[in-house]
Amino acid sequence: MAEGVAVVSEMSWRDALDGAERALAAAGVPSPRVDAELLAAHVLRVPRARLLALGELPPDPAAHARYRELVARRVTRVPLQYLLGTAPMGPVDVAVGPGVFVPRLETELLLEWGLRALVGLTKPLVVDLCTGSGALAAGVAASRPDAEVHAVELDPDALRWAGANLGDRVRLVEGDVTDPELLPELRGRVDLVLANPPYVPEGTPVPPEVADYDPPGAVFAGPDGLAVIRPLTVLAIRLLRPGGALAVEHDDSHAIAAPAVLSGHPELTDVVEHADLAGRPRFVTGSRVAW
Ligand SMILES: C[S@@+](CC[C@H](N)C(=O)[O-])C[C@H]1O[C@@H](n2cnc3c(N)ncnc32)[C@H](O)[C@@H]1O
């Protein structure tokens, strides 16, 4: 045992990273090098870019042991963000863990589109439907200090995470976005509605991080995956002011179906489908007709 500890303490970080990458790859983790580096950066409390200089670091048995423990948990497919404790969304990191959906990097595209839609507006009114950890609402609030931001969530566990992440800066509402009567006080006034709702068709195979950790109600939405997007669109139309903008993330199988949901409402115009950086259909946008 003592011998094993000595071996670990003398291991260079480069060797530790290479070993972690091999273990993660063997476990089927999709981006093993990135995960190995992010976990090392987390343990060493340095930016990931600084890892290149780690060859010169003195041995640190405690840090190596902590690293091995985190890599071992990631090998069992515990989500990377649970181990890091946070997930990024644009300019903010939100706290995540058991009971809440882990924000995905591709959702930053939805945030960026929404922020562009607000350019030129002062004190914009923004609603994040299905806020989960509060990631999108937090991203808007941090990017636009003048914005009034409301966030809606149904699940009590997610509401706890969102409350901790959003504090007093965002008004957090416990509510069901399939209820067209929600937020009556905002009706016809909202400049931007953002939504990353559950959208995966039930029965779709998902990776272990999703199947075992993301709450099912955050992921799946009926046989075709549109069970929340359809009624959510009705609510969004009621909330938006004339000319207000709507952006909804969707499954990559919804390139036709999601735009069709929005186009099916004469109150919406300029319906456009957007791909993510990998070229996969990712979100749809539209705007409230200016009657
Ligand atoms: C895919 S997660 C997205 C969370 C967050 N917007 C993000 O991008 O990380 C969907 C969230 O919608 C919530 N949700 C599902 N159905 C809902 C409903 N009918 N009303 C309100 N929230 C709902 C889930 O609890 C979950 O937190």
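Above this text is the structure in question.
Note that residues are indexed from 1 along each chain, following the sequence as it is written. The model is predicted, so local features are restricted to residues of pLDDT at least 70 and side-chain atom pairs to those at 80 or more, both for listing and for counting; the totals for chains, interfaces and linings are taken over all residues. Working from all heavy atoms in the structure, the side-chain values ignore hydrogens and water.

Student: I would appreciate a short explanation of the nonpolar core in the present structure.
Tutor: Generally speaking, a soluble globular protein has its nonpolar side chains buried in company with each other. Here, the term nonpolar core denotes a set of buried Ala, Val, Leu, Ile, Met, Phe, Trp, Tyr and Cys residues that are joined through side-chain atoms within 4.5 Å. Only protein chains enter the accessibility calculation, which uses a 1.4 Å probe; a residue is then buried when its area is under 20% of its type maximum, exposed when over 50%, and partly exposed in between. If you look at the biggest cluster of nonpolar residues, it comprises 54 residues, and the most contacted ones within it are Trp 13, Leu 39, Tyr 67 and Val 140. Core analysis: the next-biggest nonpolar cluster, separate from the first, contains 35 residues, Cys 130, Leu 226, Leu 239 and Leu 246 among them.

Student: It is not clear to me how the environment of Pro 259 should be interpreted in this structure. Could you clarify?
Tutor: Secondary structure elements are taken from DSSP: a helix is a run of H or I of four residues or more, a strand is a run of E of two residues or more, and numbering for both begins at the N terminus. Following the sequence through the fold, Pro 259 ends up in helix α12 (residues 257-263). Taking C-alpha positions, Pro 259 is 41 Å from Ala 23, a pair spaced 236 residues apart along the chain. The contact rule is simple, with two residues in contact once any of their heavy atoms fall within 4.5 Å. Residue contacts for Pro 259: discarding those within four places in its chain leaves His 254, Val 271, Glu 273 and Val 284.

Student: Please explain the side chain of Glu 209 as it appears in this structure.
Tutor: With respect to the helices, strands and loops of the structure, Glu 209 is situated in helix α9 (residues 208-213). Of note is the side chain of Glu 209, whose polar atom sits 2.7 Å from the side chain of Arg 77. Discounting residues that sit within four places of it in the chain, Glu 209 has contacts with Arg 74, Arg 77, Pro 79 and Asp 214. Polar contacts, as used here, are pairs of N or O atoms within 3.5 Å; protein pairs need one atom able to donate a hydrogen and one able to accept it. Residues neighboring in sequence count only if both atoms are side-chain atoms.

Student: Please clarify how the pattern of salt bridges should be interpreted in this entry.
Tutor: Once the charged atoms of two side chains with opposite charge are near each other, the side chains can pair. Definition used for salt bridges: Asp or Glu carboxyl oxygen within 4 Å of a side-chain nitrogen of Lys or Arg. Counting across every chain of the model gives 18 salt bridges. Of the charged contacts in the structure, one is a salt bridge between Glu 209 and Arg 74, with a shortest N-O distance of 2.8 Å. Placement of the pair is Glu 209 in helix α9 and Arg 74 in helix α4 (residues 61-75), with a sequence separation of 135 residues. A relative accessible area of 5% means that Arg 74 is categorised as buried. Across the pair Glu 185 and Arg 171 runs a salt bridge, and its minimum N-O distance is 2.8 Å. Here Glu 185, found in the loop between β5 (171-174) and β6 (190-195), pairs with Arg 171, found in strand β5; they are 14 residues apart in sequence, far enough to count as distant. Exposure remark for Arg 171: the relative accessible area of 36% places this residue in the partly exposed category.

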